[in-house]
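Take a look at the letters that make up each chain.
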Amino acid sequence: MKTRVRFAPSPTGYLHIGGARTALFNWLYSRHTGGTFILRIEDTDAARNSQEAVDVILNGLRWLGLDWDEGPLTGDATGPGKGDYGPYFQSQRKANYQRRIEALLSHNLAYEHEGAIKFRMQREPVTIHDLVVGDVVRKLTDREEIDPDFVIMRSDGQPVFHLVNVIDDLEMNITHVIRGEDHLSNTAKHIALFHAFGVKPPHYAHIPLILNGDGSKMSKRDQGASLTSYLDTGFLPEAVVNFLCLLGWSPKENREKLTLAEIIERFDLPQILRHNARFDYEKLLWLQGEYARELVPDRFYELAVHTFAREGVDTNRFPLGYVKAALDTCKGKFKTFSELPGYAGFYFTDTLVYDAEAVKKDFVPENKPRLKKLRDAFAHAPAFNAESLEAALKETAKALGVKAGVLVHPCRLAVTGKTAGPSLYHLLQVLGKERVMERIEKALAGFGG
């Protein structure tokens, strides 16, 4: 039978990184096996759901590149995974649940209790054949021995998670349920429901939880917990996908950076690790830096310009050649795009804000005549390019009897307002002679002494 898997999140306001990893593992398994990936929104709790929360999920999955293969058509279909399908919504499937509840009632497999409907849970132990955890035998607890039955429809007529989850998996012909290990405790109830409907349960694979680096449980306030934070911080989706793969899955060879094609080829359930995964932010930053360095120029420019725009910086005010040259000095020098406005914003402003601590250190009286000499050397450089400017600075330093760094620091502060950034000589070339001279003059006018 063709593999059919699903990701079934509840729209609660944000997409947890654990949920994103679950979606990814399902998507990878479907692609590895040539199967189908289904997105199903579990929105039966009307009080907690909103379209905004649904959009967070959809936007996050699309950003990761996790396309789903079927669902209600939203436009002209051109094929699976082309964005023509909306997800399934449980709130639109209530008639299915009601029909199944009536079937259970008619076969005395469920009964009314204080206005609710309860399922007659089997008393015998349930064996869960899990593809990751192994065989798990679930026995009734002492409390459950007294009343093992559980509610499948509340007194307000609302079906509960256990029931709708099983019915949807049954009717959508899901072959493999790949989900977080925190759901393992529910699985015995789900298997019992499948048996009550006379259907063989799907294969289960419960994947390890994601913990903080210190081993504590990850809450939504912890670093890296919300997928939206990766979009806001300027991470690349391919870096995040690569990182998420390594949280609980291990390729056969000892490699950490893999292309998506390589991951799809290698991904299989037996390679999912049994122990909980530790969130390693430094590894994520390393992967982000590796992918950022490999970006093709056009995509790098596009992402950079969009990042500046989000910070209110309009790069369209500047010639395209200038913008590209400025950004070229930044490539490979930062990890997340959110760092870029602070790193290179000096290129796109007429008003510099000097680093206060650097002013105390570098804009001191003895540096004023030195910077004047450097200004004059730049003014008479044979060409205003990186090579000539570097030679001019080093010759000036030699003439003054100081090390090059004595001039580099006040010069950088004068033209960028900062103590660190792109290569000084290359950023001077990009800024151009007129802008550099104006900035040095302005700095000199504000010098102490």
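Every value quoted in this text rests on a predicted model; they were computed, and no experiment measured them.

**A look at the layout of surface pockets**
Unfilled space is identified by rolling a water-sized probe across the atoms.
Here's step 1: In this structure, the largest pocket spans a volume of roughly 890 Å³.
Here's step 2: In terms of lining, the largest pocket is formed by 30 residues, of which the most central are H16, G18, G19, D182 and H183.
Here's step 3: In terms of residues, the lining of the largest pocket owes the most to one element, helix α1 (residues 17-33), which gives 4 residues.
Here's step 4: Taken together, the residues of the lining of the largest pocket sort by class into 12 nonpolar, 10 polar and 8 charged.

**A closer look at the pairing of strand β7 (residues 134-138)**
Side-chain direction in a regular strand flips from residue to residue, so the side chains alternate between the two faces of the sheet.
Here's step 1: Two strands pair when backbone bridges link them, and strand β6 (residues 126-130) and β7 are joined in this way by 5 bridges, in the antiparallel orientation. Residue pairing for β7: V126 is matched across the bridge by R138.
Here's step 2: Linkage of β6 to β7, two consecutive antiparallel strands, is achieved through a turn of 3 residues.

**Here we look at the sheet that holds strand β3 (residues 88-89)**
Here's step 1: Taken in spatial order, the 3 strands make up an open sheet running β1-β2-β3, and their pairing is parallel. Each edge of the sheet is formed by a strand with only one pairing partner; in this case those strands are β1 (4-7) and β3.
Here's step 2: Alignment of β1 against strand β2 (residues 36-41), held across 4 bridges, turns out to be parallel. Across the sheet, V5 pairs through a bridge with F37, a residue of β2.

**Considerations on the sheet that holds strand β4 (residues 110-113)**
Here's step 1: Taken in spatial order, the 3 strands of this open sheet run β4-β5-β8, and their pairing is antiparallel. Each edge of the sheet is formed by a strand with only one pairing partner; in this case those strands are β4 and β8 (150-153). Averaged over all adjacent pairs, the angle separating strand axes in this sheet is 45 degrees, with direction ignored.
Here's step 2: Of the pairings in the sheet, the one linking strand β5 (residues 116-119) to β8 comprises 3 bridges and is antiparallel in character. Directly across from I117, in β8, lies its bridge partner M153.
Here's step 3: Taken strand by strand, helix α3 (residues 94-106) contacts β4, β5 and β8, and its axis lies near 100 degrees from that of β4.

**Some thoughts on the packing of helix α15 (residues 367-379) against helix α19 (residues 433-445)**
Here's step 1: Where α15 contacts α19, the two axes come as close as 11 Å, and the packing angle between them is 165 degrees. Here α19 runs roughly antiparallel to α15, going by the angle between their axes. Helix-helix and strand crossings are classified by hand; for α15 and α19 the assignment is left-handed. Across the interface between the two elements, K368, L371, K372, R375, F378 and A379 of α15 pack against K433, V436, M437, I440, E441 and L444 of α19.
Here's step 2: Residue composition of the contact of α15 with α19, grouped by class: 7 nonpolar, no polar and 5 charged.

**With respect to the state of the cysteines**
Here's step 1: Inspection of the entire model under this criterion finds 0 disulfides.
Here's step 2: Free of any disulfide, C411 has its nearest cysteine sulfur in C330, 17 Å distant.

**Observations concerning the side chain of D69**
Here's step 1: Among the structural elements, D69 can be located in the loop between α2 (51-64) and β3.
Here's step 2: Separated by 2.9 Å, the side chains of D69 and R31 make a polar contact.
Here's step 3: Among the polar contacts made by the side chain of D69, one reaches the main-chain amide nitrogen of F37 at a distance of 2.7 Å.

**Remarks on helix α10 (residues 281-293)**
Here's step 1: Over its 13 residues, α10 runs 18 Å from end to end, which matches the ideal 18 Å to within 8%, given 1.5 Å per residue.
Here's step 2: Among all positions in α10, only L284, L285, L287, Q288, G289, E290, Y291 and A292 are buried.
Here's step 3: Here the buried face of α10 lies against α7 (227-233) and α8 (237-245).
Here's step 4: Capping the start of α10 is the job of one residue whose side-chain oxygen sits 3.2 Å from the backbone nitrogen of E282: D280.

**A few points about the side chain of T307**
Here's step 1: As for its position among the elements, T307 is in helix α11 (residues 297-310).
Here's step 2: Those residues within four positions of T307 in sequence are excluded, and the remaining contacts are F337, S338 and P341.

**Some details on unusual backbone geometry**
Negative phi is the rule for most residues except glycine; trans is the rule for most peptide bonds.
Here's step 1: Of note in the backbone geometry, N108 takes a positive phi value of approximately 60 degrees without being a glycine.
Here's step 2: The backbone phi angle of N173 is positive, close to 55 degrees, even though this residue is not glycine.
Here's step 3: Take N173: its relative accessible area is 47%, and that puts it in the partly exposed class.

Here is what the cut-offs are and how they apply
- Residues numbered from 1 in each chain as written.
- Predicted model: local features only at pLDDT ≥ 70, side-chain atom pairs only at ≥ 80, totals over all residues.
- Heavy atoms only, no water.
- 1 Å grid on protein atoms, 1.4 Å probe; cavity = no way out; pocket = protein on both sides within 12 Å on 5 of 7 lines; lining within 4 Å.
- Points joined across faces, edges and corners; volume = space filled by probe spheres on them.
- Helix = DSSP H or I, 4+ residues; strand = E, 2+ residues; numbered from the N terminus.
- Nonpolar A, V, L, I, M, F, W, Y, C, P; charged D, E, K, R; others polar.
- Pairing = 2+ DSSP bridges.
- Axes fitted to C-alpha atoms, helices over the stretch in contact; angles between N-to-C directions.
- Contact = heavy atoms within 4.5 Å.
- Parallel < 35°, antiparallel > 145°, perpendicular 65-115°, else oblique.
- Left-handed = near helix turned anticlockwise from the far one by under 90°.
- Disulfide = S-S within 2.5 Å.
- Polar contact = N/O pair within 3.5 Å; in protein donor to acceptor, adjacent residues only side chain to side chain.
- Expected span 1.5 Å × (residues − 1).
- Buried < 20%, exposed > 50% of the residue type's maximum accessible area, 1.4 Å probe, protein only.

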